[in-house]
Amino acid sequence: MTELPPKPPARADKVALWKYIQLFRRDILSAQPEKLYKARMAEFKTPLFRSFLINEPELIAEILQDRPLAFPKSDRVGEGLRPLLGNSVFLTNGDTWQRQRRIIDPAFEGGRLRDNFAAMQDAGRAALARLTPGAVIEAEEMASFLAADIIFRTLFSVPIEDETAAKVYRLFRAYQRLQPIVNLRALAPWPKWLPNILPRKTRAIAGEIRGLIAALTQARQAQIAAGTAPDDLATKIMTTKDPETGEVFSTEEMIDQVAIFFLAGHETSASALAWALYLLATHPQWQDKLAQEAQLLGEDPTFASVAKLKVSRDVFRETLRLYPPVPMMVREAAQTGETFRARDLGKGAQIVISPWHLHRHTRHWDNPDGFDPGRWSSDAPKACPRGAYLPFSKGARVCPGAGFAMLEGPLMLSMLLREYQVEALNRPIPEAHLTVRSRNGIKLRIGARESAD
C-alpha cells in the first residue's frame with residue numbers, strides 16, 4: 001500500500017494558552033487539534049480572542065457568497081503584512097476593496113490568459129534550461145524562482161534575470177523567512193492608536209521592496225505616457241479606469257497592488273508546484289501518465305494545446321486539495337445577532353475558514369488524506385463534494401488570479417515532466433506561515449526522461 005502524503009501532527013485537544021501561542025508561532029497547522037478534520041464547527045475561546053472554525057459548506061457559502069459584507073475580512077491576520085502590502089486588495093474591505101476589484105478584475109478575464117501564455121512558456125523553457133540530469137534540486141527553491149520569473153514576465157515583461165527583478169525576488173525570500181504574519185495583533189484585539197510591533201528588519205525589507213516596485217511602476221507610467229508601454233498586466237491594470245468614477249490607480253495604490261500580485265502569485269504558485277512535483281515523485285504511476293500526456297504539447301505548445309492536459313490539471317487540482325497554498329482565511333462578524341449552529345457569534349468574533357481542514361474533512365471526502373487525481377476525472381462518481389473545495393476562496397473575494405494559476409500550474413508541470421523525471425529524496429514536513437511549505441525542504445533528483453518510440 002502506498003504511504004499517505006505527509007501531514008503535520010495535530011496537537012493535543014487541550015493546551016494552555018501560552019502553549020497554543022507558542023505552537024501557533026511555529027506552525028499554524030500543527031497548532032490545531034485532530035478533531036477539526038471531523039467537526040462541522042469548532043469554537044476557540046480564550047481571554048485574548050474568540051474564534052469559530054467553520055467546516056460546514058452551507059455556512060461557508062453564507063459567509064463567502066451569500067452575505068460577504070456581513071463577514072468582512074479580518075484585519076488581524078494581515079497586520080504583519082501591512083508594511084509591505086499597504087492598502088492592497090488583499091487587506092482592504094468595503095468601498096475601497098470594491099473599487100480595487102473593479103479595476104483589477106478586467107486584467108484577469110479569460111481573454112487575457114491567452115495574452116500571458118507566451119510569457120509563461122518562455123519562463124518554463126528558461127527553467128528547463130537551468131536543470132541538469134542527475135542533479136539534486138530543492139523543489140521549493142526551483143519552484144519559487146520559476147514562479148517569480150512568470151510573475152515578472154507577465155506583469156512587467158522582464159525576466160527574473162533583470163537586475164531589479166532579481167533584487168525584488170531576493171528580498172521577498174528574505175521577507176518570507178521572517179514570517180511576519182504571526183504577531184500579537186493576529187492573536188489579540190489591539191488598539192488602533194498603538195503601533196504594530198514588528199521587527200525592524202521586517203520593516204526595512206518591506207520598505208526596500210516597495211522602493212524597487214515604485215521605480216518599476218514609475219518607469220511604466222512614463223512608458224504609458226510616451227505610448228511605448230508593452231501590453232502586459234501592469235499596463236492593463238494601470239490604464240484601466242474605475243467604471244464608476246473614471247479614475248485609475250495612483251502610483252502609491254499601484255505599488256500596493258504589485259506587492260500583493262507578487263506575494264500572492266509568486267508564493268502560492270511556488271508552494272503548489274513544489275508539492276505537485278513531490279506527489280508525482282512519490283506516485284510514479286501518475287508521473288508516467290502525466291509525462292505521456294505531456295507529449296501532446298509538442299516542441300512548441302500553443303494556448304489551445306493546454307486544454308488537452310487533463311491529467312496534469314487533475315494532478316494540480318488534487319495537489320491544491322491536499323496542500324492548499326493559503327491554509328486558512330479569516331473573516332469577522334460585523335454585527336451582533338449572528339448565530340451559527342445555535343451558537344451566538346458575537347460582534348467581532350473571528351470566523352476561520354480552513355481549506356486545509358475542509359479539503360481533508362472525513363465527512364466530505366473519500367480517502368481524504370490520500371493522493372488520488374482520479375477523483376477529478378469527468379467519469380468519477382463524486383469528484384468534489386459541493387462547497388468543500390476552495391483553494392482560491394469563493395464568492396466576491398475569490399482570487400482574481402485563479403484562472404491564471406490554473407493555466408500556469410498544469411502547463412509548468414507538463415513542460416517539466418515532458419523532459420525530466422523526478423525522484424523524491426526525503427519526506428517533507430508540511431508547515432504553514434505565509435503559505436504551506438516544507439519545514440525540511442523538498443529534495444528531488446532530476447533524471448532525463450527516456451523518449452517514447
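Residues numbered from 1 in each chain as written. Predicted model: local features only at pLDDT ≥ 70, side-chain atom pairs only at ≥ 80, totals over all residues. Heavy atoms only, no water.

Colleague: Any chance you could explain the side chain of Glu138 here in plain terms?
Modeller: If you trace the backbone, Glu138 turns up in strand S3 (residues 136-138). Other than its neighbours up to four places away in sequence, Glu138 contacts Gly441, Ile442 and Lys443. (Helix = DSSP H or I, 4+ residues; strand = E, 2+ residues; numbered from the N terminus. Contact = heavy atoms within 4.5 Å.)

Colleague: Which parts of the structure should I look at to understand the packing of aromatic side chains?
Modeller: Ring pairs (aromatic) are described by centroid distance and by the angle formed between their planes. By the definition in use, this model includes 13 aromatic pairs. Note on Phe172 and Phe262: the rings are 4.4 Å apart at their centroids and 35° apart in plane angle, and the pair reads as tilted. Note that Phe172 is positioned in helix H8 (residues 163-177) and Phe262 in helix H12 (residues 251-281), a separation of 90 residues in sequence. Each member of the pair Phe172 and Phe262 is classed as buried. With a centroid separation of 4.6 Å and an interplanar angle of 50°, the aromatic rings of Trp376 and Tyr389 are classed as tilted. You can see Trp376 sitting in the loop between helix H15 (355-358) and helix H16 (402-419) and its partner Tyr389 sitting in the loop between H15 and H16, a full 13 residues away along the chain. Trp376 sits in the buried class, given a relative accessible area of 11%. Every member of this aromatic cluster is reached through a ring pair, and the members are Trp275, Tyr278, Tyr323 and Trp356. Over the ring of Tyr37 we find Lys7; its NZ or CZ atom is 3.8 Å from the centre of that ring. Over the face of the ring belonging to Trp356 we find Arg360, whose NZ or CZ atom lies 4.5 Å from the ring centre. (Phe/Tyr/Trp six-rings, centres within 6.5 Å; stacked < 30°, edge-to-face > 60°. Buried < 20%, exposed > 50% of the residue type's maximum accessible area, 1.4 Å probe, protein only. Lys NZ or Arg CZ within 6 Å of the ring centre and 35° of its normal.)

Colleague: Sorry if this is basic, but what is going on with the environment of Asn55 here?
Modeller: Structurally, Asn55 can be placed in the loop between strand S2 (50-54) and helix H2 (57-66). Separated by 13 residues in sequence, Asn55 and Ala42 place their C-alpha atoms 8.4 Å apart. Excluding anything up to four places from it in sequence, Asn55 contacts Leu36, Ala39, Arg40, Ile60, Ser354, His357, Leu358, His361 and His364. At a separation of 2.8 Å, a polar atom in the side chain of Asn55 contacts the main-chain carbonyl oxygen of Leu36. (Polar contact = N/O pair within 3.5 Å; in protein donor to acceptor, adjacent residues only side chain to side chain.)

Colleague: So what exactly am I meant to see when it comes to the environment of Ile353 here?
Modeller: Here Ile353 lies in strand S7 (residues 350-353). Since its relative accessible area comes to 0%, Ile353 is described here as buried. When neighbours within four sequence positions are excluded, Ile353 is seen to be in contact with Ile54, Ile60, Ile63, Leu64, Pro327, Met328, Met329 and Leu390.

Colleague: Is there a simple way to explain the environment of Ala432 in this structure?
Modeller: Relative to the elements of secondary structure, Ala432 occurs in strand S9 (residues 430-432). Counting along the chain gives 106 residues from Ala432 to Val326, while the straight-line C-alpha distance between them is 8.3 Å.

Colleague: Would you take a moment to explain empty space enclosed by the protein for this structure?
Modeller: Here the idea is plain: a probe the size of a water molecule rolls over the atoms and shows the empty space left. Tallying each qualifying case throughout the model produces 3 cavities of 30 Å³ or more. One number sums up the size of the second largest cavity: a volume of about 60 Å³. As for the second largest cavity, its lining consists of Leu131, Ile137, Met142, Leu277, Leu416, Leu417, Tyr420, Val422 and Ile446. When residues of the lining of the second largest cavity are traced back to their parent elements, those giving at least two are H16 and strand S8 (420-424). Residues of the lining of the second largest cavity, tallied by class, amount to 9 nonpolar, no polar and no charged. (1 Å grid on protein atoms, 1.4 Å probe; cavity = no way out; pocket = protein on both sides within 12 Å on 5 of 7 lines; lining within 4 Å. Points joined across faces, edges and corners; volume = space filled by probe spheres on them. Nonpolar A, V, L, I, M, F, W, Y, C, P; charged D, E, K, R; others polar.)

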